[in-house]
Amino acid sequence: MIQYVFIPKRKDRKNAHSKPCYCGRYKLDNMLKPVTVPLHTTDKRIASEKLQAIVDELQREAAGIIAPKPLREAAQRPMTEHLADFKADLKALQRDDMYVYNADKQAARLIKECGWILPKDVTSNSFLAWRARQKKAAKTLNGYLDFANALLNWMHRQGRLVANPLAGVARVQTQGNEVRKRRALTDDEMRRLIAVAGPRRMV
């Protein structure tokens, strides 16, 4: 393992007349090459302590004692902020405007009504309890689950969640539970439709 502090050469500093700050360089056993980090201090003892803290944290992460830093930081951010980031990413990916609107609206409702303040609050039990209280159509309930999964899977891919807590939640059976059952138009309905169809009646 490599670990030491140093003062960069003058040519590496933006202002050659300013008092130089220390940098740190380290390479753990599982790393391919050394990493250099600015320590923002002119005191060598403080620089050494800051570098030691960085190395200790990385070693605890590697040993599985603590979660990776991005995951720990994400755990402290409200779900509303994660949703805002998800929405921004959907827009950047040029997803359909209506899809983005529905994803934001329905996920926001779940976050509020299920009490999902932080990522740790998102559980399958809280979603199942919410769903059991609803009188919505099966298709609508499945839509809420789909948008929740889209958000949580995105958080997992971004390193904000270890796994999607709703991955094991089953969808509601839609067959036989339709609010509006599909059927063919009657002759009278067809005649009335054609009567108001205008120039497109032949289509």
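Residues numbered from 1 in each chain as written. Predicted model: local features only at pLDDT ≥ 70, side-chain atom pairs only at ≥ 80, totals over all residues. Heavy atoms only, no water.

### A look at a nonpolar patch on the surface
So, point 1. A cluster of nonpolar side chains, namely Leu185, Met190, Leu193, Ile194 and Val196, defines an oily patch on the protein surface of about 450 Å² accessible area.
So, point 2. If you trace the backbone, Leu193 turns up in helix α7 (residues 187-195).
So, point 3. By relative accessible area, Leu193 is classed as partly exposed at 45%. (Patch = residues over 30% accessible without salt bridge, like charges linked within 9 Å, V, L, I, M, F, W, Y side chains within 5 Å. Areas by Shrake-Rupley, 256 points an atom, 1.4 Å probe, with all protein chains shown as cover. Salt bridge = Lys/Arg side-chain N within 4 Å of Asp/Glu carboxyl O. Helix = DSSP H or I, 4+ residues; strand = E, 2+ residues; numbered from the N terminus. Buried < 20%, exposed > 50% of the residue type's maximum accessible area, 1.4 Å probe, protein only.)

### Some details on the packing of helix α3 (residues 79-92) against helix α6 (residues 138-157)
So, point 1. Here α3 crosses α6 at 90°, and the two axes come no closer than 10 Å. By the criterion of interaxial angle, the relationship of α3 to α6 is roughly perpendicular. For the pair α3 and α6, the contacting residues are Met79, His82, Leu83, Asp85, Phe86 and Asp89 in the first and Ala150, Leu151, Leu152, Trp154 and Met155 in the second.
So, point 2. When the residues that make up the contact of α3 with α6 are grouped by side-chain class, the tally is eight nonpolar, one polar and two charged. (Axes fitted to C-alpha atoms, helices over the stretch in contact; angles between N-to-C directions. Parallel < 35°, antiparallel > 145°, perpendicular 65-115°, else oblique. Contact = heavy atoms within 4.5 Å. Nonpolar A, V, L, I, M, F, W, Y, C, P; charged D, E, K, R; others polar.)

### Some points on the nonpolar core
So, point 1. Within the largest apolar cluster, 26 residues are counted, with the highest numbers of intra-cluster contacts made by Met79, Leu110, Trp116, Phe127, Leu151 and Leu166.
So, point 2. Only α3, α4 (97-113), α5 (124-133) and α6 provide two or more residues apiece to this core.
So, point 3. Per-element tally for this core: the top contributor is α6, with nine residues.
So, point 4. The contacts of Met79, once residues within four sequence positions are left out, are Ile111, Trp116, Ile117, Leu118, Pro119, Val122, Leu151, Leu152 and Met155. (Core = buried A, V, L, I, M, F, W, Y, C linked by side-chain atoms within 4.5 Å.)

### Here we look at the packing of aromatic side chains
So, point 1. Per the counting criterion, the structure on display carries five aromatic pairs.
So, point 2. Taking the centre distance of 5.4 Å and the plane angle of 55° together, the rings of Tyr99 and Phe147 count as tilted. Here the residue Tyr99 occupies a position in helix α4, and Phe147 occupies one in helix α6, the gap between them amounting to 48 residues.
So, point 3. Look at Tyr99 and you get partly exposed, because its relative accessible area is 24%.
So, point 4. Of the residues examined, Phe147 reaches a relative accessible area of 12% and is grouped as buried.
So, point 5. Here Phe127 and Trp130 contribute two aromatic rings whose centre-to-centre distance is 5.8 Å and whose plane-to-plane angle is 35°, an arrangement assigned as tilted. (Phe/Tyr/Trp six-rings, centres within 6.5 Å; stacked < 30°, edge-to-face > 60°.)

### Focus on the pattern of salt bridges
So, point 1. Applying the stated rule across the entire model yields 11 salt bridges.
So, point 2. In this structure, Arg77 engages Asp85 in a salt bridge whose closest nitrogen and oxygen atoms are separated by 2.9 Å.
So, point 3. Judged by relative accessible area, which is 27%, Arg77 ranks as partly exposed.
So, point 4. We note a salt bridge from Asp146 to Arg171, for which the minimum N-O separation is 2.6 Å. Of this pair, Asp146 sits in helix α6 while Arg171 is found in the loop between α6 and α7, placing the two residues 25 residues apart along the sequence.
So, point 5. Taken together, the shared-partner salt bridges connect Arg77, Glu81, Asp85 and Arg160 into one network.

### Some words on the sheet that holds strand β1 (residues 2-6)
So, point 1. Ordered by their spatial adjacency, three strands build an open sheet running β1-β2-β3, and the pairing between neighbours is antiparallel. Looking along the sheet, the strands with just one partner apiece sit at the ends: β1 and β3 (35-38). On average, each strand axis in the sheet is tilted by 20° relative to the strand beside it, whichever way the strands run.
So, point 2. With five bridges connecting them, β1 and strand β2 (residues 23-27) associate as antiparallel partners. Bridging across to β2, Val5 finds its partner in Gly24. (Pairing = 2+ DSSP bridges.)

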